[in-house]
Amino acid sequence: MKTTIETLEFPCEIKKKLKMKVSMGNLEVEFIDGHLIKFDKTNLSVQEPYKIIVNNNHYTLIALLYNDEDKIYIPSDNAIISITKYISILNTMNKMY
C-alpha cells in the first residue's frame, strides 16, 4: 500500500506565545513539525502530532500538540494540560538548577 506524507508546519502562534511568556535562559527548546500520512486509494489518514522538546541540564520534557492549540499532551504523565499550565511548567523548569 502506497502512502503520501505531508509535512505540517509547526503553528507560529504557539511558538510566539511560548517565546514571549517563557523565560528561556536555561532551557533548550526544539519545535518539531507534524505530519499527515495519507494512505493512497483510501479515505484514511493519520496525523503525527507536533512535538515540543524542552531540555534543561537535568530534565527533558516532551509535549505533543494536535490541532487543538489550547491543549497539550504530556505523554510521560499521560495528561492533557492547558497552554497556560504548560508555560508555568516551563518557567519552573527554567528556575531549576
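Residues numbered from 1 in each chain as written. Predicted model: local features only at pLDDT ≥ 70, side-chain atom pairs only at ≥ 80, totals over all residues. Heavy atoms only, no water.

(A) Inspection of the overall build of the chain at higher detail. On a plain count of helices and strands, the chain comes out with two helices and eight strands. In sequence order, the chain lays out its α and β elements as β-α-β-β-β-β-β-β-β-α. If you line up the chain on its principal axes, its C-alpha atoms span 50 × 25 × 20 Å. Per-residue burial for the chain yields a buried fraction of 30% across its 97 residues. (Helix = DSSP H or I, 4+ residues; strand = E, 2+ residues; numbered from the N terminus. Buried < 20%, exposed > 50% of the residue type's maximum accessible area, 1.4 Å probe, protein only.)

(B) Summary view of the pattern of salt bridges. Scanning all chains against the criterion turns up two salt bridges. Between Lys-38 and Glu-6 there is a salt bridge whose closest N-O contact spans 2.7 Å. Within this pair, whereas Lys-38 is found in strand S3 (residues 34-39), its partner Glu-6 is found in strand S1 (residues 3-8), the two being separated by 32 residues in sequence. Residue classification places Glu-6 among the partly exposed positions, given a relative accessible area of 32%. Residue Glu-48 is joined to Lys-51 by a salt bridge in which the shortest nitrogen-to-oxygen separation is 3.0 Å. Residue Glu-48 is classed as partly exposed on the basis of its relative accessible area of 28%. Take Lys-51: its relative accessible area is 22%, and that puts it in the partly exposed class. (Salt bridge = Lys/Arg side-chain N within 4 Å of Asp/Glu carboxyl O.)

(C) Structural context of the sheet that holds S1. The three strands lie next to each other as S1-S3-S4, forming an open sheet whose pairing is antiparallel. A single partner strand is all that each edge strand has here, and the edge strands are S1 and strand S4 (45-48). Averaged over all pairs of adjacent strands, the angle between strand axes in this sheet comes to 15°, irrespective of strand direction. (Pairing = 2+ DSSP bridges. Axes fitted to C-alpha atoms, helices over the stretch in contact; angles between N-to-C directions.)

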